[in-house]
Every structure is written in structure tokens, then in C-alpha cells.
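These are the residues of each chain, in order.
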2 protein chains.
Amino acid sequence: TIVEEVIALLHSRLSMAGKRVLITAAGTREPIDPVRYIGNRSSGKMGYALAQVAAARGAEVVLVSGPSSLPNPPCVTVKRVETAAEMRDAVLAEFDAVDVVIKAAAVADYRPELTAQQKIKKTEDMLTINLIKNPDILRELGQRKKQQLLIGFAAETEDLLAHAQEKLIKKNLDMIVANDVTLPGAGFNIDTNIVKVIHKNGQVEALPQLSKYQVAEIILDKICAILTKST
Amino acid sequence: TIVEEVIALLHSRLSMAGKRVLITAAGTREPIDPVRYIGNRSSGKMGYALAQVAAARGAEVVLVSGPSSLPNPPCVTVKRVETAAEMRDAVLAEFDAVDVVIKAAAVADYRPELTAQQKIKKTEDMLTINLIKNPDILRELGQRKKQQLLIGFAAETEDLLAHAQEKLIKKNLDMIVANDVTLPGAGFNIDTNIVKVIHKNGQVEALPQLSKYQVAEIILDKICAILTKST
């Protein structure tokens, strides 16, 4: 009947009702001085699409975002941060209470050892910047996780599958979404993506070029399937 | 009469008809590897406001912009570039044919000596990046200029007037617009600015906090006054 179909549709639309989802998006900025920083090319589009789709499915979504020009997605709690250290604090503050964590942000692996208090003048012909490692947020979450499903992203420019599979294991993830950011139609600051989804059991699915919203729908379908199986 | 007032109004509105204006905006990005770059906090708002106001006054405007999330201003030819080297090429290609150059871009003073072809993996605890000086576009324009009025910007975090006056002289500018980017209400990625306008003769005018569009109107008023005097 029509009523049954509407109920089935609503059910699928609200397939994440009652779930708390933490999503990170965009890149972090690591300041060199008050003007300059080390950044990366992540626009936040993949993470914002995930947040919007998860909220549309009825989940309670917190989006921790690095600097991005994207508007806040509707019905999503957005916490804007700048550096990897700030992202770590924001993520850890939410982590214990959530069911699913999707780390789509491109967190800077390194930050300048020293941040100059004033703008560095261009008096020298050469400058050297020493970088030190940032805390590895994803690894920390993998060590701390209890009920949480933990999904990571790997943006690579070579040896995509090997790097992504290694990251899945090292960080104790439940799933990783890997994309080669050098492919046309994939990667940073465009509206489409070409990803491979790698599961904990080693299963790999290669998706065709899709809009980032379509990729978000598929990723969330897979998360819902895991959540259903585990309850 | 009303007709005279309309003519006067149109005249003031089209006070830059027939003038060719080259404006640069936003910051440049200097790649470390395919993912990471050294950037700066310039949003492009001041330069885009200048381009829009100059076009509204009837000027033929070319805007050379670093990466920015702002939409192209109406009736402006926009050339988007990424690095300081690309900005230099785009600016020099236009320079000989223009009457006015306003360099509102925050061009990176330094770039990484080497750009890695692949994403740098975080295997090392520390990394060192060697930076070398970028070409000084403004100085080059100051040396080459003939008929062109050359207006620069100085974004400083200390000793604002001294740094800006030194830049005006060293770069052979006709005017410099200086702002202390640490002041609330001034600087990067906000809609207002607090600037000091310094003329070639040493005269300094301090403007109050204004919208970037209001600052653009005042700067273009001053440019029009110089253009009128010199013809």
C-alpha cells in the first residue's frame, strides 16, 4: 500500500535516527607567523556532504571543521577550528558520546616548531622552517574507541591501496575511504570524487566517479549496514 | 536642474571611464607537495571590492586573483592564479597597457626551494623546509613604470607607518594603503578595514573603521584626483 511505502521511505530516510555522528572536515592551518601558515588543499566538501546527508537521515551530527568557505549544513552543530591541536581538543570533547566518527578532515601532519609573534620581514634570502609532528588524532581515537565505529579517509598521490590498507590497520579503523587526489574527477575542491572503500575484513570496493553527495550516501549506507549488524 | 544633477552624478559614477585598471587580490599559495602549501590569510575581499568599485565607475578592470572563494565581480576580467610566479606572469602581461595598478594581493615573499612530486609521508619526527625568496613583483613594477600610477598595500603587525613609508619609497609607489592586521575591525577575511593612506609626498591620512567597499571608494577617489591633476 501507499502507507507502507511511505513508512518504508521514511524509515530509510531516517535510518540514522537516534545515532550521534561526529564528522571532521576541511584542512587545518598551522601558523608560521600572524600572516602566513601551512595549509592543505582540502575544501571540506566531502565532509560537509557527509554531515548534511547524515543529518537528513535523522542523525544528531557534530561537524568539526577547519577553515572552509562552505556554509554550515542545515541541522548540524558546527564547531570551527583552525589548527590540528584545536581539532584534537574539539574531537576528544565529543568522542565518548558518539556512535560513529568519520574523519574526513585533512589534518596537518606537521606544524612549525616556532610561530613568530610578528610578521617575518623578507630581509633574508633564505629561510628555514623546522616542522614537528602534530598529534595523530585518528590513531588516538583508534586506541580509545569502545562502541564507536571509526571511519577514516586517505588522500594519496601514489600507492593508494597499500597506503590506505596500512592506515586502516595501524589506526584500528572499521572502514577507510581512499582517493587518489591526482585523478581528474577526484580530490580537492571539486564536486565529484572517485573513491575506494576498504573494510576491516580487507574487502575493497571501487566506486565510479560520483558527486560527493552520492559518495556520502553510499558511505552512510555502509555505516548503517555495520550498525545494524552489530546491534 | 535635475538634468544637471543627473549628468553630474553620472559623471562622478563614470569618473574612471576609459581608464584601464589592473588590480591584484587574495594571497598566493606556494606548494610544498601536491597536498600541502604555504599560504596566507588574505581573503581577497579588499581587492575584489576595489575591482567592483572601479568597474562601477566605468574603468576597464583586470583582476589577477590568487585562490579565493569570492565570486567574480561583475564586469571585471578575472585571471585566477595560484603561485607568486604565476601572479608575476599575469601582472606583467597586463602592465604595459594599463593606467593604474593597485596591488592588494598578499604575495608570498618566500616559496619552498623544492616541491615534492608526491605527498610527503609522516615518517620523520621532524621536517625542515628551506624557503627561497620569490620575485618582488611590486619592486619590478616600480622600476618599469612609465605612465602607470602604482598603488601598493602594506599589511603589518608592528611599526605600521615606518614599514609602509619605507615600502612606498623602496618600491617607487605613488600611494600606499597600510593596515595593522592585528587590530579588531581591520585585516584579513572580514568586511571592514582600518587603513592609513600615505602619499608620495609623505602626507598621511588615517581613516576610521569602514567597510572594505567604503575604503575602496575613498582609495579610488584619491586615484582619480591624482589622474586628473596629472593630465
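Scroll up for the structure.
So, a few notes on the structure that sits alongside this text. This is a predicted model, so every value here is computed, not measured.

## Structural notes on unusual backbone geometry
Part 1 of the argument: Positive phi, close to 70°, is recorded for Ala-26 of chain A, a residue that is not glycine.
Part 2 of the argument: Along the chain, the position of Ala-26 of chain A falls in the loop between β1 (20–25) and β2 (30–31).
Part 3 of the argument: Here Ala-26 of chain A falls in the buried class, since its relative accessible area comes to 1%.
Part 4 of the argument: Phi is positive for Cys-75 of chain B, close to 65°, though the residue is something other than glycine.
Part 5 of the argument: Relative to the helices and strands, Cys-75 of chain B is located in the loop between β4 (60–65) and β5 (77–80).
Part 6 of the argument: Looking at Cys-75 of chain B, the relative accessible area reads 74%, which means it is exposed.

## Things to note about the relation of the copies chain A and chain B
Part 1 of the argument: Superposing chain A onto chain B takes a rotation of 180° combined with a translation of 0.0 Å along the rotation axis, leaving an RMSD of 0.0 Å. Each copy turns onto its partner about a two-fold axis. In terms of proximity to the rotation axis, the leading residue of chain A is Ile-38 of chain A, whose C-alpha is 2.3 Å off the axis.
Part 2 of the argument: When the interface residues of chain A are mapped onto chain B, 100% of them again lie at the interface, so the same face is used by both copies.

## What about helix α5 (residues 160–170) of chain A?
Residues and elements named next belong to chain A.
Part 1 of the argument: Within the span of α5, buried status applies to Leu-160, His-163, Ala-164 and Leu-168. Seen end-on, α5 carries its buried residues on one side only, within an arc spanning 135°.
Part 2 of the argument: Buried positions along α5 lie against β9 (149–156), β10 (175–180) and β12 (196–199).
Part 3 of the argument: Following α5 by one or two positions, Asn-172 adopts a phi angle in the positive range, close to 60°.

## Concerning the pairing of strand β3 (residues 36–40) of chain A
Part 1 of the argument: Taken across its five residues, β3 of chain A has five buried, putting it largely inside the fold.
Part 2 of the argument: Here β2 of chain A pairs with β3 of chain A via two bridges, running antiparallel. When the bridges of β3 of chain A are listed, Glu-30 of chain A appears paired with Ile-38 of chain A.
Part 3 of the argument: From the end of β2 of chain A to the start of β3 of chain A, which pair antiparallel, there are four residues.
Part 4 of the argument: Sheet analysis places β3 of chain A next to strand β3 (residues 36–40) of chain B, joined by five bridges and oriented antiparallel. Of the residues in β3 of chain B, the one forming a bridge with Arg-36 of chain A is Asn-40 of chain B.

## Some remarks on the sheet that holds strand β7 (residues 110–112) of chain A
Part 1 of the argument: Overall, antiparallel pairing links the four strands, which are arranged β7(A)-β8(A)-β8(B)-β7(B) in an open sheet. Each edge of the sheet is formed by a strand with only one pairing partner; in this case those strands are β7 of chain A together with β7 (110–112) of chain B. In this sheet, neighbouring strand axes are inclined to one another by 40° on average, regardless of whether the strands run parallel or antiparallel.
Part 2 of the argument: Bridge count between β7 of chain A and strand β8 (residues 126–133) of chain A: three bridges; the pairing is antiparallel. Note that in β8 of chain A the partner of Arg-111 of chain A across the bridge is Ile-132 of chain A.

## Some words on the pairing of β4 of chain B
The side chains of a regular strand alternate, first on one face of the sheet and then on the other.
Residues and elements named next belong to chain B.
Part 1 of the argument: β4 sits mainly inside the fold: five of its six residues count as buried.
Part 2 of the argument: The pairing of strand β1 (residues 20–25) with β4 spans six bridges and is parallel. Paired with Leu-22 across the two strands is Val-62, which belongs to β4.

## With respect to the pattern of salt bridges
Part 1 of the argument: On inspection of all chains with the given rule, the structure shows 40 salt bridges over all chains.
Part 2 of the argument: As a salt-bridge pair, Arg-139 of chain A and Asp-136 of chain A come within 3.6 Å of each other at their nearest N and O atoms.
Part 3 of the argument: The partly exposed category is assigned to Arg-139 of chain A, whose relative accessible area is 33%.
Part 4 of the argument: The salt bridge involving Asp-174 of chain B is made with Lys-200 of chain B; its shortest N-O contact spans 3.2 Å.

Conventions used here
Residues numbered from 1 in each chain as written. Chains lettered and ligands numbered in written order. Predicted model: local features only at pLDDT ≥ 70, side-chain atom pairs only at ≥ 80, totals over all residues. Heavy atoms only, no water. Helix = DSSP H or I, 4+ residues; strand = E, 2+ residues; numbered from the N terminus. Buried < 20%, exposed > 50% of the residue type's maximum accessible area, 1.4 Å probe, protein only. Least-squares fit on C-alpha atoms with pLDDT ≥ 70 in both. Contact = heavy atoms within 4.5 Å. Arc of directions from axis to C-beta. Pairing = 2+ DSSP bridges. Axes fitted to C-alpha atoms, helices over the stretch in contact; angles between N-to-C directions. Salt bridge = Lys/Arg side-chain N within 4 Å of Asp/Glu carboxyl O.

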